[in-house]
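Remarks on the overall topology
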Amino acid sequence: MASPMRSLLTDPSRYVQSFRLFLTNSTEHQCMREFMEGQLPAVIASIGNGKSTINILSVGGGAGEIDLLILSKVQARYPGVTISNDVIEPSADQIFKYKERVAETSNLENVKFTWHEETAYEYESRMNAEKKSKKWDFIHMIQVLYYVKDVPATIRYFHGLLEAQGKLLIILVSGTSGWEMLWKKYGSSFPLDDLCLYVSSADIKRILDSAGLKYQLHELPSHMDITSCFIEGNKNGELLLDFLTETCEFSKTAPPELKRQVMEELRKPECSEERDGKVLFNNNLSVIVIEP
């Protein structure tokens, strides 16, 4: 019998809803912000040396929260220098929110924004068709490599667009996170289609090592409150479960045995810790900075 389970990405509005709830319930952006405040300045210290314009490419820029923080750090390092910031983002809804955020933010006079409503793969195909290969001083791919068809090829392509002193920054879940435990064990039971695949920093390290690329790795501790997932019928809990399993309406469509196992797994110390009556899922992230 065909499984009624389907990928969360087949329902874009539910995906965005569950993603925003994930951001609300987790320290995801908080720990990224701490990294951008504390460690990004050293990463970008020489990307714009001697340049009148700094070219930045945001792959999967989302609603721009982290992008604008990155831009503020580049502005602080290179005051008054023109910045050209291109954003690849397939969700029209997220681009709309990004544009709203830009409109509400001051001190962006020297930044020129260009949005491309397309996937990383569509961008690459279009550039190849137009025989363009613009070079970039800084490229970042934050929580985006799950949604590309061919991870090594995507890294290779964007790495090939770096200027001589450019940097490619990747953020994704750590090989030490609860995601790793959950997905290594149950990923094959979830309805993953070609829209999404599970990949962690452990996989990226292997890809970079085999390509002989130089990189630095930073680990960011993070957690997500998933207590509501264990309250039967709780709407937020159901949305978070969808996000954790990348499955649309997981609570309603998963076979009972799979649901039981996943709920059990989520409580295990490899995935979560229980603190003050809350279940906190290990959402640790890795930042990987790749040299040209």
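Notes on the structure in this doc start here.

Cut-offs and rules
Residue positions within a chain follow its written sequence, with the count starting from 1. The predicted origin of the model limits local features to residues at a pLDDT of at least 70 and limits the giving and counting of side-chain atom pairs to 80 or more, whereas totals for whole chains, interfaces and linings rest on all residues. As a convention, hydrogens and water are excluded, and side-chain values are obtained from all of the structure's heavy atoms. By salt bridge we mean one thing: a side-chain nitrogen of Lys or Arg within 4 Å of a carboxyl oxygen of Asp or Glu. The secondary structure listing takes helices from DSSP runs of H or I that are at least 4 residues long and strands from runs of E that are at least 2 residues long, numbered from the N terminus. When a residue's accessible area, from a 1.4 Å probe over protein chains only, is under 20% of the maximum for its type it is buried; when over 50% it is exposed; and in between it is partly exposed. We call two N or O atoms a polar contact when they sit within 3.5 Å, provided that within protein one can donate a hydrogen and the other can accept it, with sequence-adjacent residues counted only if both atoms are side-chain atoms. Within this scheme, the nonpolar core is defined by two criteria: the residues are buried Ala, Val, Leu, Ile, Met, Phe, Trp, Tyr or Cys, and they are joined through side-chain atoms within 4.5 Å. Two residues form a contact once any of their heavy atoms are found within 4.5 Å. Classification of ring pairs uses Phe, Tyr and Trp, with its six-membered ring standing for Trp, and accepts pairs whose centres are within 6.5 Å; under 30 degrees between planes counts as stacked, over 60 as edge-to-face, and the remaining range as tilted. Two conditions define a charge sitting above a ring: the NZ of Lys or the CZ of Arg must be within 6 Å of the ring centre, and it must be within 35 degrees of the ring normal.

Close approach of charged atoms allows side chains of opposite charge to pair. Inspection of every chain in the model, using the stated rule, returns 22 salt bridges. Among the ionic pairs, E291 bridges to K167, the shortest N-O distance being 3.4 Å. Taken together, the residues E291 in the segment after β12 (285-290) and K167 in strand β6 (residues 162-173) connect sequence positions 124 residues apart. K167 carries the same exposure label as E291, and that label is buried. Two residues, R275 and E273, come together in a salt bridge whose shortest N-O distance is 3.2 Å. The class of R275 is partly exposed, set by a relative accessible area of 37%. Since its relative accessible area comes to 42%, E273 is described here as partly exposed. Each of R14, E238, D242, E249 and K252 takes part in one network of salt bridges that share partners.

With that out of the way, let us pick up helix α10 (residues 235-245). Counted residue by residue, α10 has 9 buried out of 11 residues, so it is predominantly covered. Taken together, the buried positions of α10 are occupied by G237, E238, L239, L240, L241, D242, F243, L244 and T245. At the N-terminal end of α10, a side-chain oxygen is found 3.0 Å from the backbone nitrogen of N236, two or three residues along, and the residue is N234. Looking one or two residues past α10, E246 carries a phi angle of roughly 55°, positive in sign.

Okay, the nonpolar core next. Soluble globular proteins: nonpolar side chains tend toward being buried together. If you look at the biggest cluster of nonpolar residues, it comprises 94 residues, and the most contacted ones within it are L145, I155, F158, W179 and I204. Aside from chain neighbours lying at most four places away, what touches L145 is V151, T154, I155, I170, L172, V199 and I204.

Turning our eyes to something else, we now look at the environment of G178. Inspection of the secondary structure assignment puts G178 in helix α8 (residues 178-186). A sequence separation of 88 residues divides G178 from L266, and the C-alpha atoms of the two residues are 8.0 Å apart. Setting aside residues no more than four positions away along its own chain, G178 makes contact with E270, C271, F281 and N282.

Two descriptors summarise a pair of aromatic rings, namely the distance from one centre to the other and the angle between the planes of the rings. Counted under the stated rule, the structure contains 18 aromatic pairs. With a centroid separation of 6.1 Å and an interplanar angle of 35°, the aromatic rings of F19 and F22 are classed as tilted. Residue F19 and its partner F22 are located together in helix α1 (residues 12-25), separated by 3 residues, close to a single helical turn. For the pair F19 and F22, one class covers both residues: buried. Pairing W183 with F190 gives two aromatic rings, centres 5.0 Å apart and planes at 70°, and the pair type is edge-to-face. With respect to class, W183 is no different from F190; both count as buried. Taken together, Y15, F19, F22, Y146, Y147, W179, F243 and F281 form an aromatic cluster joined through their ring pairs. Directly above the ring of Y78 sits R77, whose terminal nitrogen or CZ lies 4.4 Å from the centroid. The side chain of R267 reaches across the aromatic face of F230, ending 4.3 Å from its centre.

A separate point is unusual backbone geometry. Even without being glycine, E246 reaches a positive phi, approximately 55°. For E246, a relative accessible area of 7% corresponds to the buried category. Although it is not a glycine, D276 sits at a positive phi angle of roughly 50°. Tracing the sequence through the fold places D276 in the loop between β10 (272-275) and β11 (278-282). For D276, a relative accessible area of 74% gives the class exposed.

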